[in-house]
Amino acid sequence: MRVLSLVCTLSPSPARSSSHLLADQVTKEFDRLGVPGDVVRVADHDVRPGVETDMGDGDAWPALREKVLAADILILATPIWLGHPSSICQRVLERLDAELSESDDEGRLLTYGKVAGVAVVGNEDGAHKVSADLFQALNDVGFSLAPGAVTYWVGTAMEGTDYQDLDETPESVASTTRTLAVNALHLARRLAADPYPAS
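What you are looking at is a predicted structure, and each value in this text was computed from that prediction instead of being measured.

Rules used throughout
Residues numbered from 1 in each chain as written. Predicted model: local features only at pLDDT ≥ 70, side-chain atom pairs only at ≥ 80, totals over all residues. Heavy atoms only, no water. Helix = DSSP H or I, 4+ residues; strand = E, 2+ residues; numbered from the N terminus. Contact = heavy atoms within 4.5 Å. Polar contact = N/O pair within 3.5 Å; in protein donor to acceptor, adjacent residues only side chain to side chain. Axes fitted to C-alpha atoms, helices over the stretch in contact; angles between N-to-C directions. Parallel < 35°, antiparallel > 145°, perpendicular 65-115°, else oblique. Left-handed = near helix turned anticlockwise from the far one by under 90°. Nonpolar A, V, L, I, M, F, W, Y, C, P; charged D, E, K, R; others polar. Core = buried A, V, L, I, M, F, W, Y, C linked by side-chain atoms within 4.5 Å. Buried < 20%, exposed > 50% of the residue type's maximum accessible area, 1.4 Å probe, protein only.

S.K.: Account for the environment of His-84, with residues named and values stated.
M.R.: Structurally, His-84 can be placed in strand β4 (residues 84-85). Counting along the chain gives 45 residues from His-84 to Lys-129, while the straight-line C-alpha distance between them is 7.7 Å. Excluding anything up to four places from it in sequence, His-84 contacts Pro-79, Lys-129 and Val-130. Among the polar contacts made by the side chain of His-84, one reaches the side chain of Lys-129 at a distance of 2.8 Å.

Have a look at this one:
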């Protein structure tokens, strides 16, 4: 088993990022379960717009796609901007749309058998709406979702506190993050042992 977290903050490294922090915390939970993982900040890579597996001309998506296909569990971490996932997160989903044209020898999408989860941060309410958008998109392109497939934190409305500025992680977030990891791993192991049938 292996997990990959794609961090969709708008800020490239080395800028601090609440989304990256939450993705790191998710990865640590998987590590405690014996599952290694990578955290990749998408803004550090030149991912071109489009809905193909390779848009050419220096497109960085093919290398990231290899990481996605090598992982059993994919986590998308995004901030909330104007009530929506970040534009970088939307671009990742658009690039994943190309998987609808890719299949194995039995006609199954290459993403079948892979599990997805979501991590969301924001200063205002909206995590349920953002996770619903991502759940639908990820499922559309072949990923499976376990119960409790999202962990999130949102600050009080009309205030400017960031997740990364908290003195400690709220227990409600920590326990939700643990549930995400435990359930996603359970489902990934079940799917590895008993793959979806060809249709």
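S.K.: Outline the packing of helix α3 (residues 87-96) against helix α4 (residues 127-140), supporting the account with residue identities and numerical values.
M.R.: α4 packs onto α3 with a crossing angle of 20° between their chain directions and a minimal axis gap of 10 Å. If you check the angle between α3 and α4, you find them roughly parallel. Judged by the sense of rotation from one axis to the other, the crossing of α3 with α4 is left-handed. Residues Cys-89, Leu-93 and Leu-96 of α3 lie in contact with α4, whose contacting residues are Leu-134, Ala-137 and Leu-138. Considered class by class, the residues forming the contact of α3 with α4 number 6 nonpolar, no polar and no charged.

S.K.: If you had to explain the nonpolar core to someone new, which residues and values would you point to?
M.R.: Counting 28 residues, the largest nonpolar core has Leu-6, Leu-96 and Leu-138 as its most contacted members. Where this core is concerned, the elements lending two or more residues are β1 (3-7), α2 (61-70), β3 (73-81), α3, β5 (115-122) and α4. When residues in this core are grouped by element, the largest group, 5 residues, is from α3. When residues no more than four places from it in sequence are discounted, the contact partners of Leu-96 are Trp-61, Val-68, Leu-74, Leu-138, Val-141 and Phe-143. Val-35, Ala-77, Leu-185 and Ala-188 belong to the second largest nonpolar core, which has 22 residues in total.

S.K.: Talk me through the packing of helix α1 (residues 18-32) against helix α5 (residues 171-193); I want residue IDs and the actual numbers.
M.R.: One can describe the packing of α1 onto α5 by two numbers: an axis separation of 9 Å at closest approach and a directional angle of 55°. By the angle class used here, α1 and α5 are oblique. For the pair α1 and α5, the sense of crossing is right-handed. Only Val-173, Thr-177, Arg-178, Leu-180, Ala-181, Ala-184 and Leu-185 of α5 make contact with α1, whose side of the interface consists of Leu-22, Gln-25, Val-26, Glu-29 and Phe-30. The class makeup of the residues in the contact of α1 with α5 is 8 nonpolar, 2 polar and 2 charged.

Geometry only, nothing functional implied.
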